[in-house]
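Structure assessment
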Amino acid sequence: MNQAPETSPPSPVENRPSLMQRVLDFVEVVGNRVPHPAVIFLMLIAIVVVLSHVMEMMGVTVNYQVINEDTYELETETTKANSLLTASGIRFIYASLISNFMGFSAVGLMIVAMIGAGVAEEAGLVQALIRKLVILSPRAILVYILVFVGILSSVGADAGYLVLIPLAGTAFLSIGRHPLAGLAAGFAAVAGAFTVNMLIKPLDAVLTEFTNDAIHLVDPSRSIGLTANLWFSLVSVPFLTVIITLVTERIIEPRLGTYTGEKPEETGGALTPAESKGLLYAGFALLGVLVFFGLLTLPPGAPLRDPASGAIIGNSPFMQGLIAVIMVLFLATGIAYGIGAGTITKTNDVINAITKAISGLGGTIFLLLIISQFVAYFNHTNMGTILAIKMANVLKDANVGPIWLLLGLIGVVALLDFLITGAIAKWAIFAPIFVPVLVKLGVDPEAALAAYRIGDSPVNMITPLNVYFAMVVGFAQKYDKNAGVGTIVSLMLPYVFVIFFAWTLLFVAWYLIGLPWGI
């Protein structure tokens, strides 16, 4: 009687997880042990309190030269470390809790911006715009359009993650291309270029405010505006659109091959007549808002011009209140869309949308409360000024060029992004350290903010701590039931390396040529 050949058991090597999976497991374990950002900042506050007392006891001081604002002559000043554990330091901590938070303008900027963005998202305007653009895209340039819209979708907070990524997979499948490649392209666009846009968004307000707080540690008279990185962002968006598209078509799709799975049932194709009507109404509202602010800004002597110079760009009322323009723009178009599409039928719908958007900021507002105390304590101790001047002197003595410090900032931020994915939390840590040093070395603070945008984005695609990473895995399992974390990471790694390298090269070229970063 013939016996069936015995099947040898799999070797230990075959059962051993791949190197990528082991690295990913390690990152996930470490990431799960990282406390909440609020806890991290409470720890940092404790460190600042103790370190400030040690520095004062050691008599740490720095001498440096500043320009007198009245005489424009160089003057020598001395700054010493202030302890937070002395009687005056304890009084400062006790009495400044509310003033620290109320003076933290990032909170107000974010809430005002989300009033409009919340209505637009809740009414369905952002989702409808994304779907409309995807539907109208010619096949030859479909990927370019998807990626471009994905990058711009960050202005609508979660809309890109929730709407564009699954739609990208659907769009690819509908024209016979691999849906996982569409998901990867959408994910790369939404997450990998999250910090840049061709529009001003709420995140810009917060990052700008943190940058200004850091600048004021060494130069209280200097500030940057919301459009400080506008030119760099305007170039980065099409640049990254091309990069992501090329990676998708030259690397990702050839690796995936032809899709042979079943076509799942899809929903959310063409816009309904109500949605089309809503977009038409939104277009009229957009035109009305542009005309309204145009009349307030463009004519000679208009109230939003600088009353002294008549300038529109710079330190003008228009630029100082730009966040209000953004709020009104989203609010008007969102309401108009809702009326046309039928998603807004009464005034309470608008109020509820605003309330929902602001209530969703509860965790962020609490985090900003903690961060505002950290920033205030850090500034009060003069540790930022002392550290900046000492680091600047060390760098000068070591002949280390600012470009290397900027590149170091990009790399350090990227590494930390594996564990702390929030753009706000990381910049609150790095801005008081890097920005004053660079300003002391004569580097525009706009360059530091641009470097941070590069370091903060690409790793978002591969860190499991991204709150939307698991959701993208779920999208992939719709087309491949065996898809998992490793599937997404292996798809996204080429984007991470290529975007990081190419975007950094663009930054270096921009810096060396001396191009303006923004307005």
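Residues numbered from 1 in each chain as written. Predicted model: local features only at pLDDT ≥ 70, side-chain atom pairs only at ≥ 80, totals over all residues. Heavy atoms only, no water.

Turning next to the overall build of the protein. Broken down by element type, the protein carries 23 helices and two strands. Put simply, the protein has 519 residues, and 50% of those count as buried. Intrachain contacts of the protein at a sequence separation of at least 6 include 78% that bridge at least 24 residues. When the accessible area of the protein is evaluated, it comes to approximately 24,200 Å², of which 66% is carbon and sulfur surface. (Helix = DSSP H or I, 4+ residues; strand = E, 2+ residues; numbered from the N terminus. Buried < 20%, exposed > 50% of the residue type's maximum accessible area, 1.4 Å probe, protein only. Contact = heavy atoms within 4.5 Å. Areas by Shrake-Rupley, 256 points an atom, 1.4 Å probe, with all protein chains shown as cover.)

With that settled, the discussion passes to empty space enclosed by the protein. Enumeration over the complete set of coordinates arrives at three cavities of 30 Å³ or more. In this structure, the largest cavity occupies an estimated 80 Å³ of space. Here the residues of the lining of the largest cavity are counted per class, giving six nonpolar, four polar and two charged. Its volume calculated, the second largest cavity comes out at about 60 Å³. Taken together, Phe210, Asp213, Ala214, Leu217, Val375, Asn379, Trp427, Ala428, Ala431 and Pro432 form the lining of the second largest cavity. Taken together, the elements giving at least two residues each to the lining of the second largest cavity come down to α11 (202-215), α17 (362-381) and α20 (423-440). At four residues, α20 tops the list of elements feeding residues into the lining of the second largest cavity. (1 Å grid on protein atoms, 1.4 Å probe; cavity = no way out; pocket = protein on both sides within 12 Å on 5 of 7 lines; lining within 4 Å. Points joined across faces, edges and corners; volume = space filled by probe spheres on them. Nonpolar A, V, L, I, M, F, W, Y, C, P; charged D, E, K, R; others polar.)

Turning to the nonpolar core, a few remarks are in order. The biggest cluster of nonpolar side chains holds 127 residues, and the ones touching the most others in it are Ile371, Trp427, Met492, Tyr495 and Phe507. If you tally residues by element for this core, the top one is helix α23 (residues 485-513), at 14 residues. Setting aside residues no more than four positions away along its own chain, Trp427 makes contact with Leu207, Phe210, Thr211, Leu409, Pro432, Val435, Ala448, Leu449 and Tyr452. In terms of nonpolar packing, the next biggest core, distinct from the first, is built from 31 residues, Val119, Val155, Ala282 and Ala341 among them. (Core = buried A, V, L, I, M, F, W, Y, C linked by side-chain atoms within 4.5 Å.)

In this structure the tally under the stated criterion is six salt bridges. With its nearest N and O atoms 2.6 Å apart, the salt bridge here joins Arg177 to Glu253. Here Arg177 is found in the loop between α9 (159-174) and α10 (179-192), whereas its partner Glu253 is found in helix α12 (residues 230-256), with 76 residues between them in sequence. By relative accessible area, which is 19% here, Arg177 ends up buried. Ionic pairing is found between Arg453 and Asp204, a salt bridge with its closest N-O pair at 3.0 Å. Here Arg453, found in helix α21 (residues 445-456), pairs with Asp204, found in helix α11; they are 249 residues apart in sequence, far enough to count as distant. For the pair formed by Arg453 and Asp204, the shared burial category is buried. (Salt bridge = Lys/Arg side-chain N within 4 Å of Asp/Glu carboxyl O.)

What follows deals with the packing of helix α3 (residues 37-57) against α17. When two helices pack together, you describe them by how their axes are tilted relative to each other and by the distance separating the axes. In the contact formed by α3 and α17, the axes pass within 9 Å of each other and the chain directions differ by 15°. Judged by the inter-axis angle, α3 sits roughly parallel to α17. Seen along the crossing, α3 lies across α17 with a hand that is left-handed. Contact with α3, carried on its side by Pro37, Ala38, Phe41, Leu42, Leu44, Ile45, Val48 and Ser52, involves Phe366, Leu367, Ile370, Ile371, Gln373, Phe374, Tyr377, Phe378 and Thr381 of α17 and no other residues of that element. (Axes fitted to C-alpha atoms, helices over the stretch in contact; angles between N-to-C directions. Parallel < 35°, antiparallel > 145°, perpendicular 65-115°, else oblique. Left-handed = near helix turned anticlockwise from the far one by under 90°.)

Attention shifts here to the environment of Val54. Assignment of secondary structure puts Val54 in helix α3. According to the relative accessible area criterion, Val54 is partly exposed, its value standing at 36%. Taking the C-alpha atoms as reference, Val54 lies 7.7 Å from Ser83; in sequence the two are 29 residues apart.

Along the chain, Asn212 falls in helix α11. Contacts of Asn212, omitting those with residues within four sequence positions, involve Ser223 and Ile224.

The subject of this paragraph is the environment of Gly225. Mapped onto the secondary structure, Gly225 falls in the loop between α11 and α12. In this structure Gly225 comes out as partly exposed when scored by relative accessible area, which is 31%. Taking the C-alpha atoms as reference points, Gly225 and Leu322, separated by 97 residues in sequence, lie 9.5 Å from one another.

Judged by side-chain polarity, Ile47, Val50, Leu51, Val54 and Met58 come together as a nonpolar surface patch covering roughly 460 Å² of accessible area. Along the chain, the position of Met58 falls in the loop between α3 and β1 (61-67). (Patch = residues over 30% accessible without salt bridge, like charges linked within 9 Å, V, L, I, M, F, W, Y side chains within 5 Å.)

The predicted coordinates should not be examined in detail at positions where pLDDT is low. Across the protein, pLDDT averages 82, with 85% of residues at or above 70. Per-element confidence in the protein ranges from a low mean pLDDT of 48 for helix α1 (residues 12-15) to a high of 95 for helix α4 (residues 87-95). Every residue in residues 1-8 scores below 50 in pLDDT, and together they form zero contacts with partners more than four places removed in sequence or on other chains. Below a pLDDT of 50 lies the segment residues 10-14, which in the model reaches one contact outside its immediate sequence neighbourhood of four places, other chains included. (pLDDT = per-residue confidence, 0-100.)

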